Amino acid sequence: MPGPYLATEGPIAFSHRGFSPEGLENTLPALEAAIGLGFRYLEIDVRTTRDGVVMVFHDERLERVTDGTGRLADHSLAELSAVRVRGTERIPTLAEVLQRWPDVRLNIDVKDDASVQPLVEVIEASGAHDRVLVASFSDRRRLRVLRQLSRPTASSAGMAVSAIVRAASPLGLARWVARLARVDCLQVPRHFRGFPVVTRGFVRRCNAAGIPVHVWTINERPVMEELLADGVGGLVSDRADVLSGVMRDRGPWPQVI
């Protein structure tokens, strides 16, 4: 199983879509702000334009965070160049993010099927196999990416495989399921529909099986400290300012990768 991406001392701190109290999620200033706080792992989302360019953007549609309208997938790169997030910042391409910060590792949530092949091409062209992790709620989608890459690349489980690993962990089968599903870690919410997902026992069993558990999206300091004390392998947070303080109190920061 690929190791370079997850090879770091202690738990990993992920900044969720960068850091921007102003709501400039997934933009260059938001990513820059997170890096300025010491983050070396950034969680981002990708979707692909009508002409096959992978963009760093979360929503299917543009309206929530930009002055544009319609589905991102229905626009060309040229058309999106005029669109601004919160009226000020453009939507970046994945290629430019990889090029701009070559020492940063990206947790890439693949949001649509149209991004599978273009994402593979970007990773291959940039040689970024060791500094990206392929994630998706859809295990089918993330596996399509992994199968087309020329080198092993880290990946986290989608919803279905996460559920199977959780069910298999009391039986001692978590490691076997993870290997079969090409999973290097689990990235899960603390709770799902009122049901506790991340418990001390679950984290302990996953750690014993060599499967780090990353928990999203944790924004309160006491919860961060509790989960880290329980042994989770990483936290994903909108509050990069808070999480960086928690990590700094635990040891050397920024994290060395």
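Coordinates for the structure precede this section.
These notes cover the structure that comes with them. (Residues numbered from 1 in each chain as written. Predicted model: local features only at pLDDT ≥ 70, side-chain atom pairs only at ≥ 80, totals over all residues. Heavy atoms only, no water.)

## Considering the pairing of strand β5 (residues 132-135)
Here comes step 1: Residue alternation in β5 divides its side chains into two sets, Val132 and Val134 and Leu133 and Ala135, and both sets are buried.
Here comes step 2: Bridge count between strand β4 (residues 105-110) and β5: four bridges; the pairing is parallel. Counterpart to leucine 106 in the pairing with β5 is valine 132.
Here comes step 3: Each parallel crossover has a hand, and for β4 linked through helix α4 (residues 116-126) to β5 it is right-handed.
Here comes step 4: The pairing of β5 with strand β6 (residues 154-155) spans two bridges and is classified as parallel. Looking across to β6, one finds that valine 134 is bridged to serine 155.
Here comes step 5: Following the backbone out of β5, through helix α5 (residues 139-148) and into the adjacent parallel β6, one traces a crossover that is right-handed. (Buried < 20%, exposed > 50% of the residue type's maximum accessible area, 1.4 Å probe, protein only. Helix = DSSP H or I, 4+ residues; strand = E, 2+ residues; numbered from the N terminus. Pairing = 2+ DSSP bridges. Right-handed = clockwise from strand over helix to strand, strands pointing away.)

## A few points about the nonpolar core
Most often, soluble globular proteins have nonpolar side chains that are buried together.
Here comes step 1: Core analysis: the biggest nonpolar cluster contains 65 residues, and Leu94, Leu106, Ile108, Leu186, Val198 and Leu235 have the highest contact counts within it.
Here comes step 2: Contacts of leucine 106, omitting those with residues within four sequence positions, involve Tyr5, Leu42, Ile44, Leu94, Val97, Leu98, Arg131, Val132 and Leu133.
Here comes step 3: One finds Leu24, Met55, Phe57 and Leu80 within the second-largest nonpolar core, a separate group that totals 10 residues. (Core = buried A, V, L, I, M, F, W, Y, C linked by side-chain atoms within 4.5 Å. Contact = heavy atoms within 4.5 Å.)

## What to know about the side chain of threonine 27
Here comes step 1: Position of threonine 27 among the secondary structure elements: in the loop between β1 (12-16) and α1 (28-36).
Here comes step 2: Its relative accessible area of 0% is what places threonine 27 among the buried residues.
Here comes step 3: Within the structure, the side chain of threonine 27 is placed 2.6 Å from the backbone oxygen of leucine 24, a separation counted as a polar contact.
Here comes step 4: Sequence-distant contacts of threonine 27, defined by excluding residues within four places in its chain, comprise Val85, Glu89, Arg90 and Pro92. (Polar contact = N/O pair within 3.5 Å; in protein donor to acceptor, adjacent residues only side chain to side chain.)

## As for the state of the cysteines
In a disulfide, the sulfur atoms of two cysteines are covalently bonded to one another.
Here comes step 1: For the structure on display, the rule yields zero disulfides.
Here comes step 2: Of the cysteine sulfurs around cysteine 185, a residue in no disulfide, the closest is that of cysteine 206, at 11 Å. (Disulfide = S-S within 2.5 Å.)

## Comments concerning the pattern of salt bridges
When charged atoms on two side chains of opposite charge get close, those side chains can pair.
Here comes step 1: Taken as a whole and assessed by the stated rule, the structure comprises 20 salt bridges.
Here comes step 2: Glutamate 60 is the partner of arginine 71 in a salt bridge, and the nearest nitrogen-oxygen pair spans 3.6 Å. Here arginine 71 is found in the loop between β3 (54-56) and α2 (77-80), whereas its partner glutamate 60 is found in the loop between β3 and α2, with 11 residues between them in sequence.
Here comes step 3: Relative accessible area serves as the criterion here: at 43%, glutamate 60 is assigned to the partly exposed category.
Here comes step 4: Here arginine 142 makes a salt bridge to aspartate 139, at a shortest N to O gap of 2.8 Å. Of this pair, arginine 142 and aspartate 139 both sit in helix α5, three residues apart, which is roughly one turn of that helix. By the burial criterion, arginine 142 is buried, and aspartate 139 matches it.
Here comes step 5: Connected via shared salt-bridge partners are Arg17, Glu25, Asp45, Asp59 and Arg64. (Salt bridge = Lys/Arg side-chain N within 4 Å of Asp/Glu carboxyl O.)

## A few points about the side chain of threonine 93
Here comes step 1: Inspection of the secondary structure puts threonine 93 in the loop between α2 and α3 (94-100).
Here comes step 2: Using a relative accessible area of 14% as the deciding quantity, one classes threonine 93 as buried.
Here comes step 3: Once you skip the residues sitting within four places of it in the chain, threonine 93 turns out to touch Val53, Val54, Met55, Val56 and Leu77.

## Thoughts on α4
Here comes step 1: When α4 is considered as a whole, its buried residues turn out to be Val116, Pro118, Leu119, Val120, Val122 and Ile123.
Here comes step 2: In this fold, the buried residues of α4 make contact with β2 (41-48), β3, α3, β4, β5 and α5.
Here comes step 3: Among the residues trailing α4, glycine 127 stands out with phi positive, at a value near 60°.

## Quick word on the environment of leucine 6
Here comes step 1: Looking at where leucine 6 falls in the secondary structure, it is placed in the segment before β1.
Here comes step 2: Spatially, the C-alpha atom of leucine 6 lies 10 Å from that of serine 155, the residues being 149 residues apart in sequence.
Here comes step 3: The residues contacting leucine 6, other than those within four sequence positions of it, are Ile12, Arg105, Leu133, Asp184, Cys185 and His214.

## Some points on the pairing of β1
Here comes step 1: Within β1, five of the five residues are buried, leaving the element largely enclosed by the surrounding structure.
Here comes step 2: On β1, burial covers both faces: Ile12, Phe14 and His16 on one face and Ala13 and Ser15 on the other are all buried.
Here comes step 3: The sheet contact formed by β1 and β2 spans three bridges and is parallel. When the sheet's bridge partners are listed, serine 15 is paired in β2 with leucine 42.
Here comes step 4: Following the backbone out of β1, through α1 and into the adjacent parallel β2, one traces a crossover that is right-handed.

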